[in-house]
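Chains, contacts and geometry: an overview
Each chain, written out:
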Amino acid sequence: CDFQLIKAKYLVGYGVGDVQDNLNECYDKHQFEAKINKERTFNSHNYYAHLILSAGIIAFLLFVLMLFYNVRIAFFNKDLAYIVFLLIIAVNLLTDNILLRFQGALCFALFNALFLMSNLKLSDE
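Analysis parameters
- Residues numbered from 1 in each chain as written.
- Predicted model: local features only at pLDDT ≥ 70, side-chain atom pairs only at ≥ 80, totals over all residues.
- Heavy atoms only, no water.
- Phe/Tyr/Trp six-rings, centres within 6.5 Å; stacked < 30°, edge-to-face > 60°.
- Helix = DSSP H or I, 4+ residues; strand = E, 2+ residues; numbered from the N terminus.
- Buried < 20%, exposed > 50% of the residue type's maximum accessible area, 1.4 Å probe, protein only.
- Contact = heavy atoms within 4.5 Å.
- Axes fitted to C-alpha atoms, helices over the stretch in contact; angles between N-to-C directions.
- Parallel < 35°, antiparallel > 145°, perpendicular 65-115°, else oblique.
- Left-handed = near helix turned anticlockwise from the far one by under 90°.
- Nonpolar A, V, L, I, M, F, W, Y, C, P; charged D, E, K, R; others polar.
- Expected span 1.5 Å × (residues − 1).
- Arc of directions from axis to C-beta.
- Salt bridge = Lys/Arg side-chain N within 4 Å of Asp/Glu carboxyl O.
- pLDDT = per-residue confidence, 0-100.

**A word on the packing of aromatic side chains**
For the coordinates displayed, the defined rule picks out 8 aromatic pairs. Taking the centre distance of 6.1 Å and the plane angle of 85° together, the rings of Y48 and F60 count as edge-to-face. Of the two residues, Y48 is situated in helix α4 (residues 47-55) and F60 in helix α5 (residues 57-76); the sequence distance between them amounts to 12 residues. When the centroid spacing of 6.1 Å and the interplanar angle of 15° are considered together, the rings of F85 and F108 count as stacked. Of this pair, F85 sits in helix α6 (residues 80-95) while F108 is found in helix α7 (residues 102-124), placing the two residues 23 residues apart along the sequence. For the pair F85 and F108, one class covers both residues: buried. Cluster of aromatic residues (ring-pair linked, three or more members): Y82, F85, F108, F111 and F115.

**Considerations on the environment of L67**
Turning to its location among the elements, L67 is positioned in helix α5. The sequence separation of L67 and I89 amounts to 22 residues, and the corresponding C-alpha distance is 9.5 Å. Those residues in contact with L67 that lie beyond four places of it in its chain are Y48, L86, A90 and F108.

**Quick word on the packing of α5 against α6**
At a minimum axis distance of 9 Å, the contact between α5 and α6 shows a crossing angle of 155°. For the element pair α5 / α6, the angle class is roughly antiparallel. Relative to α6, α5 is oriented so that their crossing is left-handed. When α5 is examined against α6, the residues F63, L67, N70, V71, A74 and F75 are found in contact with a partner set consisting of Y82, I83, L86, A90 and L93. Among the residues forming the contact of α5 with α6, the class breakdown is 10 nonpolar, 1 polar and no charged.

**Overview of α6**
In a regular helix each residue adds 1.5 Å, so 16 residues correspond to 22 Å; α6 covers 23 Å between its end C-alpha atoms and thus fits that length. Along α6, the positions that sit buried rather than exposed are Y82, I83, F85, L86, I89, A90 and L93. The arc that holds the buried residues of α6, viewed along the axis, is 160°, so those residues lie on one side. The outward face of α6, more than 90 degrees from its buried face, is lined by the exposed residues L80, I88, V91 and T95.

**Here we look at the pattern of salt bridges**
All chains considered together, the criterion is met by 1 salt bridge. Across the salt bridge formed by D96 and R101, the nearest N and O atoms sit 3.0 Å from each other. For D96, a relative accessible area of 21% gives the class partly exposed. Take R101: its relative accessible area is 39%, and that puts it in the partly exposed class.

**So, the confidence of the model for the protein**
This prediction gives the protein a mean pLDDT of 81; 82% of its residues lie at or above 70. Ranking the helices and strands of the protein by mean pLDDT puts α6 first, with 94, and helix α3 (residues 36-39) last, with 56.

See below:
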């Protein structure tokens, strides 16, 4: 359903609050045989797809550019811990929407800010 919805509105997305409703509607329309579809709601399980669904391709590109910018800073400062942290986050976002939950967003924001600030201080020296 992710890809069907993305094809329909890849440029601007559906809006942050309407993504889950559109996914549920798509799941109901295709009537998957599993009973669990009726008992629970499922998200996209891919943060990159969710980002395109909610805000469009421009938001997706800005997010990916932010990740590459942070990797570039870590690479030039030879900060292996920061590179590994960003790679773990980037790979995890392929299989889960960790940044949609408060704990995931807080963890990413806190550690990314700490790593980034320490690397920017190294660049200034």
